[in-house]
Amino acid sequence: MTVLNSSIPRFHLAMPVDDLAAARHFYGEVLGLEQGRSADTWVDWNLHGHQFVTHLAPDRPRRIHNPVDGHDVPVPHFGLILAVPAFHQLAHRLRDAGTAFAIEPYVRFEGETGEQWTMFLHDPAGNALEFKAFADDSQVFAD
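Residues numbered from 1 in each chain as written. Predicted model: local features only at pLDDT ≥ 70, side-chain atom pairs only at ≥ 80, totals over all residues. Heavy atoms only, no water.

### Here we look at the overall build of the chain
Link 1 in the chain: Along the chain, the regular secondary structure elements total two helices and ten strands.
Link 2 in the chain: Along the chain, helices (α) and strands (β) appear in the sequence β-α-β-β-β-β-β-β-α-β-β-β when read from the amino end.
Link 3 in the chain: Against the 2.2 N^0.38 benchmark of 15 Å for 143 residues, the chain shows a C-alpha radius of gyration of 15 Å, consistent with a compact globule.
Link 4 in the chain: Seen along its three principal axes, the alpha-carbon backbone of the chain occupies a region of about 50 × 35 × 30 Å. (Helix = DSSP H or I, 4+ residues; strand = E, 2+ residues; numbered from the N terminus. Rg over C-alpha atoms; globule rule 2.2 N^0.38 Å.)

Next comes the structure, spelled out in C-alpha coordinates:
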(Lines give C-alpha, C1' and ligand atoms only; values in the text may rest on other atoms or scores of the structure.)
Protein backbone atom coordinates (compact mmCIF):
# COMPACT_ATOMS: atom_id res chain seq x y z
CA MET A 1 0.00 0.00 0.00
CA THR A 2 1.28 3.48 -0.81
CA VAL A 3 0.32 6.81 0.70
CA LEU A 4 -1.67 7.51 -2.47
CA ASN A 5 -4.14 4.70 -1.78
CA SER A 6 -3.87 4.68 2.01
CA SER A 7 -6.72 5.59 4.31
CA ILE A 8 -4.29 7.99 6.02
CA PRO A 9 -4.80 11.51 4.62
CA ARG A 10 -1.96 13.07 2.69
CA PHE A 11 -0.65 16.38 3.93
CA HIS A 12 -0.22 19.65 2.07
CA LEU A 13 2.59 21.93 3.22
CA ALA A 14 3.65 25.27 1.72
CA MET A 15 7.05 26.67 2.67
CA PRO A 16 8.70 30.00 1.85
CA VAL A 17 11.83 30.11 -0.30
CA ASP A 18 13.84 33.08 -1.49
CA ASP A 19 15.11 31.53 -4.76
CA LEU A 20 12.97 29.18 -6.87
CA ALA A 21 15.92 28.04 -9.00
CA ALA A 22 17.82 27.00 -5.87
CA ALA A 23 14.66 25.29 -4.58
CA ARG A 24 14.27 23.41 -7.88
CA HIS A 25 17.87 22.22 -7.67
CA PHE A 26 17.66 21.18 -4.01
CA TYR A 27 14.23 19.51 -4.02
CA GLY A 28 14.42 18.17 -7.57
CA GLU A 29 18.08 17.20 -7.94
CA VAL A 30 19.46 16.75 -4.42
CA LEU A 31 16.37 15.18 -2.81
CA GLY A 32 15.11 13.70 -6.09
CA LEU A 33 11.48 14.81 -5.71
CA GLU A 34 9.18 14.83 -8.73
CA GLN A 35 8.12 18.36 -9.70
CA GLY A 36 4.46 19.03 -10.36
CA ARG A 37 2.74 22.21 -11.47
CA SER A 38 4.51 25.53 -11.12
CA ALA A 39 4.21 29.25 -11.78
CA ASP A 40 6.57 32.20 -11.52
CA THR A 41 6.17 32.27 -7.72
CA TRP A 42 5.67 28.64 -6.64
CA VAL A 43 6.49 24.98 -7.41
CA ASP A 44 4.57 21.83 -6.38
CA TRP A 45 6.60 18.79 -5.32
CA ASN A 46 5.67 15.16 -4.73
CA LEU A 47 7.09 14.48 -1.26
CA HIS A 48 6.49 10.72 -1.14
CA GLY A 49 2.83 11.18 -2.04
CA HIS A 50 2.33 14.38 -0.06
CA GLN A 51 1.90 17.78 -1.70
CA PHE A 52 4.77 20.06 -0.76
CA VAL A 53 4.88 23.54 -2.29
CA THR A 54 7.75 26.02 -2.34
CA HIS A 55 6.47 29.61 -2.51
CA LEU A 56 8.68 32.55 -3.38
CA ALA A 57 8.81 34.71 -0.24
CA PRO A 58 12.01 36.72 0.14
CA ASP A 59 11.35 37.85 3.75
CA ARG A 60 12.36 35.14 6.23
CA PRO A 61 11.48 34.83 9.93
CA ARG A 62 14.27 34.37 12.47
CA ARG A 63 15.52 30.90 13.34
CA ILE A 64 14.67 29.25 16.65
CA HIS A 65 16.34 26.20 18.22
CA ASN A 66 15.30 23.87 21.06
CA PRO A 67 17.61 21.46 22.90
CA VAL A 68 16.83 17.78 22.21
CA ASP A 69 19.17 14.91 23.05
CA GLY A 70 22.18 17.23 23.32
CA HIS A 71 21.53 18.97 19.96
CA ASP A 72 20.07 22.35 19.00
CA VAL A 73 17.04 21.30 16.97
CA PRO A 74 15.84 23.97 14.51
CA VAL A 75 12.18 25.01 14.84
CA PRO A 76 10.07 24.97 12.78
CA HIS A 77 11.10 21.96 10.73
CA PHE A 78 9.40 19.33 8.59
CA GLY A 79 10.34 16.06 6.97
CA LEU A 80 9.47 12.41 6.63
CA ILE A 81 9.60 9.25 8.69
CA LEU A 82 11.31 6.73 6.43
CA ALA A 83 12.18 3.04 6.66
CA VAL A 84 15.71 2.54 8.05
CA PRO A 85 17.22 1.49 4.67
CA ALA A 86 15.60 4.49 2.92
CA PHE A 87 16.96 6.80 5.65
CA HIS A 88 20.51 5.57 5.03
CA GLN A 89 20.07 5.82 1.23
CA LEU A 90 18.94 9.45 1.63
CA ALA A 91 21.82 10.24 4.01
CA HIS A 92 24.24 8.83 1.44
CA ARG A 93 22.59 10.83 -1.36
CA LEU A 94 22.80 14.03 0.70
CA ARG A 95 26.47 13.42 1.57
CA ASP A 96 27.26 12.77 -2.11
CA ALA A 97 25.62 16.12 -2.94
CA GLY A 98 27.85 17.89 -0.42
CA THR A 99 24.98 18.77 1.91
CA ALA A 100 25.95 20.53 5.14
CA PHE A 101 23.97 18.94 7.96
CA ALA A 102 22.62 21.04 10.82
CA ILE A 103 22.70 17.78 12.79
CA GLU A 104 24.59 14.86 11.23
CA PRO A 105 22.76 11.53 10.89
CA TYR A 106 22.85 9.65 14.19
CA VAL A 107 20.80 7.34 16.43
CA ARG A 108 18.69 9.25 18.96
CA PHE A 109 17.37 7.61 22.14
CA GLU A 110 19.50 4.52 21.48
CA GLY A 111 18.26 1.49 23.43
CA GLU A 112 15.19 3.42 24.64
CA THR A 113 11.55 3.59 23.60
CA GLY A 114 11.39 5.61 20.39
CA GLU A 115 14.93 4.77 19.22
CA GLN A 116 15.39 6.45 15.86
CA TRP A 117 17.86 7.53 13.25
CA THR A 118 17.59 11.27 12.60
CA MET A 119 19.29 14.03 10.60
CA PHE A 120 18.61 17.74 10.13
CA LEU A 121 19.54 19.99 7.23
CA HIS A 122 18.46 23.28 5.68
CA ASP A 123 17.26 23.91 2.16
CA PRO A 124 18.83 26.83 0.26
CA ALA A 125 16.20 29.22 1.73
CA GLY A 126 17.00 28.18 5.30
CA ASN A 127 13.96 25.93 5.89
CA ALA A 128 14.87 23.17 8.32
CA LEU A 129 14.16 19.55 7.36
CA GLU A 130 14.32 16.46 9.54
CA PHE A 131 14.34 12.94 8.17
CA LYS A 132 14.07 10.07 10.60
CA ALA A 133 13.62 6.30 10.78
CA PHE A 134 12.37 4.42 13.83
CA ALA A 135 13.92 1.12 14.87
CA ASP A 136 10.34 0.02 15.61
CA ASP A 137 7.56 1.86 13.74
CA SER A 138 5.06 0.97 16.46
CA GLN A 139 6.94 3.42 18.71
CA VAL A 140 6.42 6.54 16.56
CA PHE A 141 3.84 7.88 19.04
CA ALA A 142 5.08 6.03 22.15
CA ASP A 143 5.43 8.01 25.35
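### Some words on helix α2 (residues 84-96)
Link 1 in the chain: Here α2 spans 18 Å end to end across 13 residues, near enough to the 18 Å set by a 1.5 Å rise per residue.
Link 2 in the chain: Along α2, the residues that are buried comprise F87, L90, A91 and L94. End-on view of α2: buried residues confined to an arc of 105°, all on one side of the axis. Residues P85, Q89 and D96 are exposed on α2 and point more than 90 degrees away from its buried face.
Link 3 in the chain: If you follow the buried residues of α2, they end up packed against α1 (20-30), β8 (101-108), β9 (116-122) and β10 (128-134).
Link 4 in the chain: One or two residues past the end of α2 sits G98, with phi positive at roughly 75°. (Expected span 1.5 Å × (residues − 1). Buried < 20%, exposed > 50% of the residue type's maximum accessible area, 1.4 Å probe, protein only. Arc of directions from axis to C-beta. Contact = heavy atoms within 4.5 Å.)

### What about the pattern of salt bridges?
Link 1 in the chain: Counted by the stated rule, this structure contains four salt bridges.
Link 2 in the chain: Residue E130 is joined to R108 by a salt bridge in which the shortest nitrogen-to-oxygen separation is 3.6 Å. Taken together, the positions of E130 in strand β10 and R108 in strand β8 put the pair 22 residues apart, joining distant regions of the chain.
Link 3 in the chain: Its relative accessible area of 5% is what places R108 among the buried residues.
Link 4 in the chain: In this structure, the salt-bridge partner of E130 is K132, at a minimum N-O distance of 3.7 Å. The same class applies to E130 as to K132, namely buried.
Link 5 in the chain: Each of R108, E130 and K132 takes part in a single network of salt bridges with overlapping partners. (Salt bridge = Lys/Arg side-chain N within 4 Å of Asp/Glu carboxyl O.)

### Considerations on the sheet that holds β9
Link 1 in the chain: Read across the open sheet, the four strands follow the order β7-β10-β9-β8; overall the sheet is mixed. What marks the edges here is a single partner per strand, and that holds for β7 (77-81) and β8. Sheet twist, expressed as the mean angle between neighbouring strand axes with direction ignored, is 15°.
Link 2 in the chain: As paired elements, β8 and β9 share five bridges and run antiparallel to each other. Along β9, the bridge assignment pairs F101 with L121.
Link 3 in the chain: The strands touched by α2 within the sheet are β8, β9 and β10, with β9 carrying the most contacts at an inclination of about 30°. (Pairing = 2+ DSSP bridges. Axes fitted to C-alpha atoms, helices over the stretch in contact; angles between N-to-C directions.)

### Some thoughts on unusual backbone geometry
Of all residues except glycine, most have a negative phi; of all peptide bonds, most are trans.
Link 1 in the chain: Here the bond from V75 into P76 is cis, since omega is 0°, no more than 30 degrees from zero.
Link 2 in the chain: Within the secondary structure layout, P76 lies in the loop between β6 (71-75) and β7.
Link 3 in the chain: Here the phi dihedral of H48 falls at roughly 55°; this positive angle occurs in a residue that is not glycine.
Link 4 in the chain: Relative to the assigned elements, H48 resides in the loop between β3 (42-47) and β4 (50-56).
Link 5 in the chain: Positive phi, close to 55°, is recorded for D69, a residue that is not glycine.
Link 6 in the chain: With respect to the element layout, D69 can be found in the loop between β5 (64-68) and β6.

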